[in-house]
Amino acid sequence: MKEPTSCVFWDDPERATKGPLHEKFELLETYLKDDNWWRYLLKCRECGQRYVFEFYEERDWEGGDDPQFSTWIPVETDQDVASVRSLRRAELQIFRPSLHHDWPKGGPRRIYWVAGDGQIRSAPASVIGKSAEALFGLRRLVAWLRRLKSHH
Ligand SMILES: [Zn+2]
């Protein structure tokens, strides 16, 4: 997949996360709509770029403030859509390029692109240039690997 460099959210990813989703994106298809897990095909209202979008809220039954993760994967052809829409959650999370909005429990929000080469983009200055693996931290990586393993 190509980096959507002409889409407004490439240079301003934070904008994708502000306000209601439908104001910025047209909903083309709903693949999954659960209480805490949604997967959609969206279209940027400004440029028409399509994204496979996922929202996931981890249920942590103690005291709310559940961690939330949103992911946008830019897709071009219907073949792209078909291959991305059915990825497992852990696979979607490491797919690139991809735009992420991570809101860990009690932690600061992080909004960033993982570019095609794996480098972090448009994130706070402190993390630009670090690899995705370094940014995500060991704990989440281990959790992903466990999930990937348990699916095979
Ligand atoms: Zn756009």
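Residues numbered from 1 in each chain as written. Predicted model: local features only at pLDDT ≥ 70, side-chain atom pairs only at ≥ 80, totals over all residues.

Visitor: Is there a simple way to think about the sheet that holds strand 7 (residues 120-121) in this case?
Guide: To summarise the sheet geometry, strands pair through backbone hydrogen bonds and adopt either a parallel or an antiparallel arrangement. The seven strands are arranged 1-2-3-4-5-6-7 in an open sheet whose pairing can be described as antiparallel. Each having just a single partner strand, strand 1 (25-33) and strand 7 make up the two edges of the open sheet. Sheet topology note: the strand 4 (residues 68-75)/strand 5 (residues 98-103) ladder contains five bridges and is antiparallel. Note on strand 5: the bridge partner recorded for Gln-68 is Trp-103. (Pairing = 2+ DSSP bridges. Helix = DSSP H or I, 4+ residues; strand = E, 2+ residues; numbered from the N terminus.)

Visitor: Sorry if this is basic, but what is going on with the pairing of strand 4 here?
Guide: Here is the key point about a regular strand: its side chains alternate between the two faces of the sheet. In terms of strand pairing, strand 3 (residues 50-57) meets strand 4 through eight bridges, oriented antiparallel. The residue of strand 4 that forms the bridge with Tyr-51 is Pro-74.

Visitor: I would appreciate a short explanation of the pairing of strand 6 (residues 110-114) in the present structure.
Guide: Of all five residues in strand 6, four are buried, a share of seventy percent or more. Alignment of strand 5 against strand 6, held across five bridges, turns out to be antiparallel. What sits directly across from His-101, in strand 6, is Ile-111. As defined by bridge partners, strand 6 adjoins strand 7 across two bridges and the pair is classed as antiparallel. Opposite Val-114, over in strand 7, you have Ile-120 as the bridge partner. With antiparallel pairing between neighbouring strands as the criterion, strand 6 and strand 7 make up a hairpin whose turn holds five residues, including Gly-118 at a positive phi of roughly 90°. (Buried ≥ 20, exposed ≤ 12 C-beta atoms within 10 Å, placed from the backbone.)

Visitor: Sorry if this is basic, but what is going on with the nonpolar core here?
Guide: It is characteristic of soluble globular proteins that their nonpolar side chains tend to be buried jointly. Core analysis: the largest hydrophobic core is formed by 22 residues, its most contacted members being Phe-9, Tyr-51, Val-52, Phe-53, Trp-72 and Ile-73. Looking at this core, the elements that each hand over two or more residues are helix 1 (8-11), strand 2 (37-44), strand 3, strand 4 and strand 6. Look past the residues within four positions of Ile-73 in its chain and what remains in contact with it is Met-1, Tyr-51, Val-52, Val-84, Leu-92, Phe-95 and Ser-98. (Core = buried A, V, L, I, M, F, W, Y, C linked by C-beta atoms within 7 Å. Contact = placed C-beta atoms within 7 Å.)

Visitor: Before we go on, may I ask you to explain the environment of Asp-34 in this structure?
Guide: Mapped onto the secondary structure, Asp-34 falls in the loop between strand 1 and strand 2. Among the residues examined, Asp-34 registers 10 C-beta atoms within 10 Å and is labelled exposed.

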